[in-house]
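Results of the structural survey
What follows is each chain in one-letter form.
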Amino acid sequence: MQKTPLALQRTYPTVDFQAIPSACFVLEEKRLRENLELIKFVQEESGAQIILALKGFAMFGAFPLIRKYLSGTASSGLYEARLGYEEFGGEVHCFSTAYFEDEFEDILRYSDHLSFNSLNQWERFKPRVQHASKKISCAIRINPEYAEVTTDLYNPCIPGSRLGQTAPHFGDQLPEGIEGLHFHTLCESDSYALERTLAAIEDRFGKLLHQAKWVNMGGGHLMTREGYDVAHLIRVLKQFQEKYDVKVILEPGAAIAWQTGYLVTTVQDIFDSQGIQAVIIDASISAHMPDCIEMPYKPKILGAYDAVPTATAYRIGGSTCLAGDYVGDYRFDRPLQIGNRLVFDDMMHYTMVKTTFFNGVRHPSLGIWHEDGSFELVRKFSYEDYRSKLS
Ligand SMILES: Cc1ncc(COP(=O)(O)O)c(C=O)c1O
């Protein structure tokens, strides 16, 4: 029977997982730097600006490194804008589904670029933008009614979508005061999906593109995935910028932290459940790796294989009481034992930014495995962290 390896395709991690206190999200600095070097190359070759989408990755202990390569951050509202302003520096670009009256003063304080989700929101906040003490460049998010994403949960162009304004709502001119257009329709996509998306956008919004100073192409550009055609992306970006004489901004989250770290866990219990070996670890899929359930997808565990019918199947589950708090069945070359480390791969993006204290489970620590082989524990959580979000 052929095994389907779930091991890394990249070089083996340099991290000594036994040296990490469990449970812990561990960033491998070397891999982050390698991603950033590629992204910087894309910026330099294409002329596009690439900023970090904090919704995907906001581990600010890593910002000093990221700041050497990227000029700013993309935020989804006040807290991310403030984090970008205070912890990252550089430009703060903000897109929010709705800005709130009582937060807008602070939004203006922290942001350099603002994208509005509807013409309605723009009209409402335009006077405050125009009377702000500094110049803020504004855009409207457009809905091109074209997305290649097949999962509705991640598709901003489903019928009746609340994300962005469709073409019929615009006249021949950009609204007065608007300098940019913003769209986000990709998700872990390649450059060919971007090219087709741009064709749809040119078709519907061509006139407005000629008037815009900048176009923010959102996130979902997974340029750090093995096999991504980086040269093609650079060509597409260059052609677009030349054709419309616009500046292009990309705001990926996942691509920056793609395959740069792990969730290190430890087996706490193993017992037979109707022929399946039920395994409980010291972390939760639902609370700490929620995308595995939401998307859903089965993460890689280093050294594990997809379960095959003839082998012992270990069903790896989390420590909450949610029945669905498990990731699936895996096989190992040697029998698993209590105390073994289980290392989940590619656990930097959309993990720490989405975790909860559900069931009061202990939150994994956050750490960085530096290039010099040292480990830095950047954050340890306690009962007080759990308590502080309740009352
Ligand atoms: C408006 C916007 N920009 C950027 C991103 C980042 O996308 P990704 O992490 O897939 O690159 C998202 C993700 O949802 C988004 O909604």
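This structure is a prediction, so every number in the text was calculated from the model and none was measured.

It is worth spelling out the nonpolar core at this point. In this structure, Leu114 and Ile316 are the most contacted members of the largest nonpolar core, which totals 100 residues. Not counting residues within four places of it along the chain, the set of residues in contact with Leu114 comprises Cys94, Tyr99, Phe104, Ile107, Leu108, Val129, Ile136, Ser137, Cys138 and Ala139.

In this section: the pattern of salt bridges. Across all of its chains, the model carries 22 salt bridges by this definition. Arg128 is paired through a salt bridge with Glu105; the nearest N and O atoms lie 3.0 Å apart. Placement of Arg128 in helix α5 (residues 119-130) and of Glu105 in helix α4 (residues 104-110) is noted, with a sequence separation of 23 residues between them. Classification of Arg128 by relative accessible area gives partly exposed; the value is 25%. Taken together, the shared-partner salt bridges connect Glu101, Glu105, Arg124 and Arg128 into one network.

We now examine the layout of surface pockets. A volume near 350 Å³ is recorded for the second largest pocket. Lining the second largest pocket are 14 residues; nearest its centre among them are Gly303, Phe332, Arg334, Asn340 and Arg341. Per element, the largest residue contribution to the lining of the second largest pocket is 3 residues, and it comes from strand β16 (residues 341-345). The class makeup of the residues in the lining of the second largest pocket is 8 nonpolar, 3 polar and 3 charged.

Looking now at the confidence of the model for the protein. Averaged over all residues, the pLDDT of the protein is 95; the fraction at 70 or higher stands at 97%. Here residues 1-9 scores under 50 on pLDDT; set against residues more than four positions off or in separate chains, the count is 25 contacts.

Another point: the packing of helix α1 (residues 29-46) against helix α7 (residues 230-244). As a packed pair, α1 and α7 sit with axes 9 Å apart at the nearest point and diverge in direction by 35°. The two elements α1 and α7 cross, and the hand of that crossing is right-handed. Across the interface between the two elements, Leu38, Phe41, Val42, Glu45 and Ser46 of α1 pack against Val230, Leu233, Ile234, Leu237, Lys238 and Gln241 of α7. When grouped by side-chain class, the residues that make up the contact of α1 with α7 number 7 nonpolar, 2 polar and 2 charged.

So, about the domain arrangement of the protein. Domain boundaries assigned for the protein yield domain 1 (17-27 + 260-388) and domain 2 (47-257). When domain 1 packs against domain 2, the two sides together hide about 1200 Å² of surface, and 69% of this comes from carbon and sulfur. The largest per-residue losses of area from domain 1 upon contact with domain 2 belong to Met295, His349 and Tyr350, which jointly make up 42% of the total buried on that side. Our count for the domain 1 to domain 2 interface comes out at 0 salt bridges. If you look at where domain 1 meets domain 2, you find 2 residue pairs in polar contact (both at pLDDT 80 or more).

Around the ligand there are 13 residues in total, and Gly220, Glu251, Gly253, Ala254 and Tyr350 lie nearest to it. Measuring from an oxygen atom of the ligand, one finds a side-chain N or O atom of His184 at 3.5 Å. Between the ligand and the protein, one listed contact pairs an oxygen atom with a backbone N or O atom of Gly220 at 2.7 Å. Coverage of the ligand by the protein amounts to 86% of the 400 Å² it exposes when considered alone. Each residue belonging to the shell around the ligand can be placed in one class, and the counts come to 5 nonpolar, 5 polar and 3 charged.

Reading the values: rules and limits
Just so you know, the residues in each chain are numbered from 1, in the order the chain's sequence is written. With the structure being a predicted model, the display of local features is reserved for residues of pLDDT at least 70 and the display and counting of side-chain atom pairs for 80 or more, all residues being used for whole-chain, interface and lining totals. Based on all heavy atoms of the structure, the side-chain values leave hydrogens and waters out of the count. What makes a nonpolar core is a set of buried Ala, Val, Leu, Ile, Met, Phe, Trp, Tyr and Cys residues whose side-chain atoms join them at distances within 4.5 Å. Relative accessible area decides the class of each residue, using a 1.4 Å probe on protein chains only: under 20% of the type maximum gives buried, over 50% gives exposed, and in between gives partly exposed. The criterion used for residue contact is that any of the two residues' heavy atoms lie within 4.5 Å. For salt bridges, the criterion is a side-chain nitrogen of Lys or Arg within 4 Å of an Asp or Glu carboxyl oxygen. Each helix corresponds to a stretch of at least 4 residues labelled H or I by DSSP, and each strand to a stretch of at least 2 residues labelled E; elements are numbered beginning at the N terminus. Space inside and on the surface of the protein is sampled on a 1 Å grid over the protein atoms alone, with a cavity defined as a set of points where a 1.4 Å probe fits but cannot get out and a pocket as an open set with protein on both sides within 12 Å along at least 5 of 7 lines; lining residues have an atom within 4 Å of a point. Grid points are joined across faces, edges and corners, and a volume is the space filled by probe spheres set on the points. Throughout, the ten residues Ala, Val, Leu, Ile, Met, Phe, Trp, Tyr, Cys and Pro are labelled nonpolar, Asp, Glu, Lys and Arg are labelled charged, and all others, Gly among them, are labelled polar. Scored from 0 to 100, pLDDT reflects the predictor's confidence in each residue. As a rule, the C-alpha atoms of each element are fitted with a line to give its axis, helices using only the stretch in contact, and angles between N-to-C directions run from 0 to 180 degrees. By definition, any crossing whose near helix is turned counterclockwise from its far helix by less than a right angle is left-handed, and any crossing with a clockwise turn is right-handed. Segment limits for the domains were obtained from an automatic or database-derived domain assignment. Buried area: the sum, over both parts, of the accessible surface (1.4 Å probe) that disappears when the two are put together. Polar contact is the term for a pair of N or O atoms within 3.5 Å; when the atoms are in protein, one must be able to donate a hydrogen and the other to accept it, and sequence-neighboring residues count only if both atoms are side-chain atoms. For this description, a residue counts as near a given molecule or strand if any of its non-hydrogen atoms is within 4 Å of it. Accessible surface is estimated by sampling points in the Shrake-Rupley manner with a 1.4 Å probe; for residues, cover comes only from the protein chains shown.

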